[in-house]
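Examination of the molecular architecture
The residues making up each chain are set out below.
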Amino acid sequence: MLQSVDPETGKAPSAEVLPPVGRQPTTFDRTKLVLKAVLQALIAFAILFGAFQGMNHLIATRPEVPKRPVQEKSYAVKTVEVEQGDHAPMISVYGETLAGREVDLRALVGGEIVEVHPNLKAGGKVEKGETLISIDRFDYEGAVTEARANLAEGRAALVENEGRVALEKANLVRAGEQLAFAERDLVRAEELLGRGAATERTVDDRKLLVSQRQQNLERSENTLALEEAKVIQQRASVERLEWRLENAQRQLENTVLTAPFDAIVRSSAAEPGRLVSVNDAIVSLYDSGEFEARFILSDNQYGRLIAETGSVVGRPVDVTWYLGDQPVIYPATVGRIGADVASNRGGVDLIATIDMSAVSVPLRPGAFVEISIPDQTYADSFRVPEAAYYGEGTVYVIENSRLTARDVRALAIDDGFILVEGDLQPGETLLVTRIPEAGDGLLVKDVDAVQPVASHSAGASDQSATQTAQ
């Protein structure tokens, strides 16, 4: 049996309202259904309204809960006491070490190398005066012997010539005496001729004798001059022979090449048995106790130093050589300025002399080092940590646990610090912790004041603020 379906609801009508089979629903039936739906809606609305009124009553009659008062937040910060004084920031640049003294030794004589120092290798150490190489001495010893013999012969010839000179001087004296006797005899003969006691022949004989004595005197003078000339020539020959002997001895000494100072061997070309010629390169050395550091200052940095003192020569510097994680610091002093301005590198070359006596770690040329040199001195300035500097020139001091802004002007940067001048007073407490919300009146708490056992330095500052609720 098929069941009829309500065309409006799509459901089968209940048995009580279904019209008899074969009969259509009447208006009464429809009205009855509508009234039933309205009644259901009113009941639901009444339930919701009662619940809403009950909730409002509960809210209105709930007991009052005490409110917690709003507290102002404070920041735990680190501080430092401001000090005023003369500060010179450090300029940090990089450079390299150089040998303060170096030399290339060459062979001064030719020959075969017969001896070589055992340390004559790259990196070897030799001391001043030690023999580096020896060249075969045979030919040079023979040259010394020959030069010494020639000199002895020359000196003997000189003595002989000087003896002749002495003899001719004596002959000259005798010739002069004989001439004087003959002249006096001629005078007496002429006097006798005037009294008629002598003949003309006697006078002529006396005149002839005087002429002969005069001739002998002149001959002796000429002979003496010749002998004296021979002495001069022989003395010149002796001097030449003495030089030859000295040169031969020096050549003999040059067969031994010695270290001119305590040195490190940079390179060596010496081997036993090698034949070397004059001016052949043998060994290159550099002084093991004298080093320099070359570095460049910018035109601006160099100009500041010159403006302050007029010269950078004599200015102390620190040379730091990093050996792994361990820095080795060598004291040094600027010794001279480079001959030319390093325009291609944008600055001025400076050379500092390193004091090796203060450090036990030996240096080597070519080491990459850091140079620290004092900059211009800024009088009556304040040295504040970089974290304490805000914006374009603001720092904060703490007064009654609150921040107060102060205007300052930056002068220079000094390895994590800034040198400033401006509205600061010595002894004021300066904020060094970085706070993004920093401003006038901000409440802070100095952790160093709360915990005095925790020491702090001017270089220590927290980069972030710790907010705490009081």
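Residues numbered from 1 in each chain as written. Predicted model: local features only at pLDDT ≥ 70, side-chain atom pairs only at ≥ 80, totals over all residues. Heavy atoms only, no water.

1. So, the overall build of the protein
In plain terms, the rule: Secondary structure elements are defined from DSSP: runs of H or I of at least 4 residues count as helices, runs of E of at least 2 residues count as strands, and each element is numbered from the N terminus. What makes two residues a contact is simply this: any of their non-hydrogen atoms within 4.5 Å. The Shrake-Rupley method, run with a 1.4 Å probe sphere, supplies the accessible areas, and residue values consider only the shown protein chains as cover.
Counting its regular elements, the protein contains five helices and 24 strands. Pairs at least 24 residues apart make up 75% of the contacts formed inside the protein by residues separated by at least 6 positions. Accessible surface, the protein as shown: approximately 29,400 Å² in total, 52% of it carbon and sulfur.

2. A closer look at the confidence of the model for the protein
Formally: Residue-level confidence of the predictor is summarised by pLDDT, bounded by 0 at the bottom and 100 at the top.
Predicted confidence across the protein gives a mean pLDDT of 84, with 88% of residues reaching 70 or more. Across the protein, the element-wise mean pLDDT spans from 36 in strand S24 (residues 466-469) up to 95 in strand S8 (residues 131-135). pLDDT under 50 marks residues 14-18. Its contacts with residues more than four places away, or in other chains, come to two contacts. With pLDDT under 50 throughout, residues 450-470 is counted as low confidence; its partners more than four residues away or in other chains account for 37 contacts.

3. Some thoughts on the sheet that holds strand S10 (residues 263-268)
Two orientations exist for strands paired in a sheet by backbone hydrogen bonds: parallel and antiparallel. Rules: For two strands to count as paired, DSSP must find a minimum of two bridges between them.
Here four strands make up an open sheet; going across it, the order is S5-S12-S10-S7 and the pairing antiparallel. Looking along the sheet, the strands with just one partner apiece sit at the ends: strand S5 (102-106) and strand S7 (125-126). Bridge count for S10 against strand S12 (residues 281-287) is five bridges, and the pairing is antiparallel. In the strand pairing of S12, Val265 is matched with Leu285.

4. So, the nonpolar core
Going by this rule: What makes a nonpolar core is a set of buried Ala, Val, Leu, Ile, Met, Phe, Trp, Tyr and Cys residues whose side-chain atoms join them at distances within 4.5 Å. Accessible area is worked out with a 1.4 Å probe on protein chains only. A residue is then buried under 20% of its type maximum, exposed over 50%, and partly exposed in between.
Ranked by size, the top nonpolar core spans 32 residues in total, and within it Leu120, Val126, Leu132, Ile133, Ile282, Val283 and Leu285 carry the most contacts. The leading source of residues in this core is helix H3 (residues 200-253), at seven residues. Among all residues touching Val283, those that are not within four sequence positions of it are Val103, Asp104, Leu105, Leu120, Leu132, Val265, Ser267 and Ser268. Counting 30 residues, the second largest nonpolar core, distinct from the first, contains Ile91, Ile264, Leu297 and Val312.

5. Things to note about the packing of helix H2 (residues 138-195) against H3
How we decide: With axes taken as lines fitted to C-alpha atoms, and helix axes fitted only over the stretch in contact, angles between N-to-C directions fall between 0 and 180 degrees. Between 65 and 115 degrees an angle is taken as roughly perpendicular, under 35 as roughly parallel, over 145 as roughly antiparallel, and anywhere else as oblique. Crossings are classed by handedness, with left-handed meaning an anticlockwise turn of the near helix from the far one by less than a right angle and right-handed meaning a clockwise turn. Polar here means any residue other than Ala, Val, Leu, Ile, Met, Phe, Trp, Tyr, Cys and Pro, which are nonpolar, and Asp, Glu, Lys and Arg, which are charged; Gly is therefore polar.
Where H2 meets H3, the closest approach of the two axes is 6 Å, and the angle between their N-to-C directions is 165°. By the criterion of interaxial angle, the relationship of H2 to H3 is roughly antiparallel. By crossing handedness, the relation of H2 to H3 is classed as left-handed. Here the residues of the contact of H2 with H3 are counted per class, giving 26 nonpolar, 13 polar and 21 charged.

6. A short note on a nonpolar patch on the surface
Convention followed: A residue counts toward a patch only above 30% relative accessible area and without a salt bridge, and it is joined to like-charged neighbours within 9 Å or, for Val, Leu, Ile, Met, Phe, Trp and Tyr, to nonpolar neighbours within 5 Å. Every case where a carboxyl oxygen of Asp or Glu lies within 4 Å of a side-chain nitrogen of Lys or Arg is listed as a salt bridge.
A surface patch of nonpolar side chains, about 270 Å² in accessible area, is lined by Val34, Val38 and Leu42. Along the polypeptide, Leu42 turns up in helix H1 (residues 27-60).

7. Observations concerning the sheet that holds strand S6 (residues 111-116)
The four strands lie next to each other as S9-S8-S6-S11, forming an open sheet whose pairing is antiparallel. The sheet is open, and its two borders are formed by strand S9 (256-258) and strand S11 (275-276), each paired with just one other strand. Note: S8 against S9, three bridges, orientation antiparallel. Across the sheet, the residue bridging to Thr131 is Thr258, located in S9.

8. Looking at the environment of Met90
For Met90, the location among the structural elements is in strand S4 (residues 90-99). On the basis of relative accessible area, Met90 is assigned to the partly exposed category, the value being 35%. Here Met90 is in contact with Ser372, Ile373, Pro374 and Asp414, once residues within four sequence places are set aside.

9. So, the packing of aromatic side chains
Quick reminder of the rule: Paired rings are identified among Phe, Tyr and Trp, the last through its six-membered ring, by centres lying within 6.5 Å, and are further divided according to the angle between planes into stacked (under 30 degrees), edge-to-face (over 60) and tilted (the rest).
All chains considered together, the criterion is met by four aromatic pairs. Residues Phe45 and Phe49 carry aromatic rings whose centres are separated by 6.5 Å and whose planes lie at 20° to one another, so their mutual orientation is stacked. Remark: Phe49 and Phe45 occur in helix H1; sequence separation between them is four residues, near one turn of the helix. In this structure Phe45 comes out as exposed when scored by relative accessible area, which is 57%.

10. Comments concerning the pairing of strand S21 (residues 417-422)
Consecutive side chains along a regular strand alternate between the two faces of the sheet. Pairing of strand S18 (residues 378-385) with S21 involves four bridges; the strand directions are antiparallel. Bridging across to S21, Val384 finds its partner in Ile418. Bridge analysis of strand S20 (residues 402-413) against S21 gives five bridges, and the strand direction is antiparallel. Within S21, the position partnered with Ala412 by the bridge is Leu419.

11. Focus: the pattern of salt bridges
Per the stated rule, a full pass over the model turns up 17 salt bridges. A salt bridge links Glu242 to Arg155; the nearest nitrogen and oxygen atoms lie 3.0 Å apart. Of this pair, Glu242 sits in helix H3 while Arg155 is found in helix H2, placing the two residues 87 residues apart along the sequence. Judged by relative accessible area, which is 33%, Glu242 ranks as partly exposed. Overall, the relative accessible area of 43% leaves Arg155 in the partly exposed class. What emerges from the salt-bridge pattern is a single network uniting Asp185, Arg188 and Arg206.

12. Overview of helix H4 (residues 299-309)
One full turn of an α-helix is made of 3.6 residues, so residues set three or four places apart face in the same direction. What counts, and what does not: Note that the arc is defined by the directions from the helix axis to the C-beta atoms.
Among the residues making up H4, those that are buried are Gln301, Tyr302 and Leu305. Take H4 and look down its axis: the buried residues cluster within an arc of 95°, on one side only. In H4, the exposed positions angled more than 90 degrees off the buried face are occupied by Asp299, Asn300 and Ala307. Gly310 sits one or two positions beyond H4 and adopts a positive phi of about 85°.

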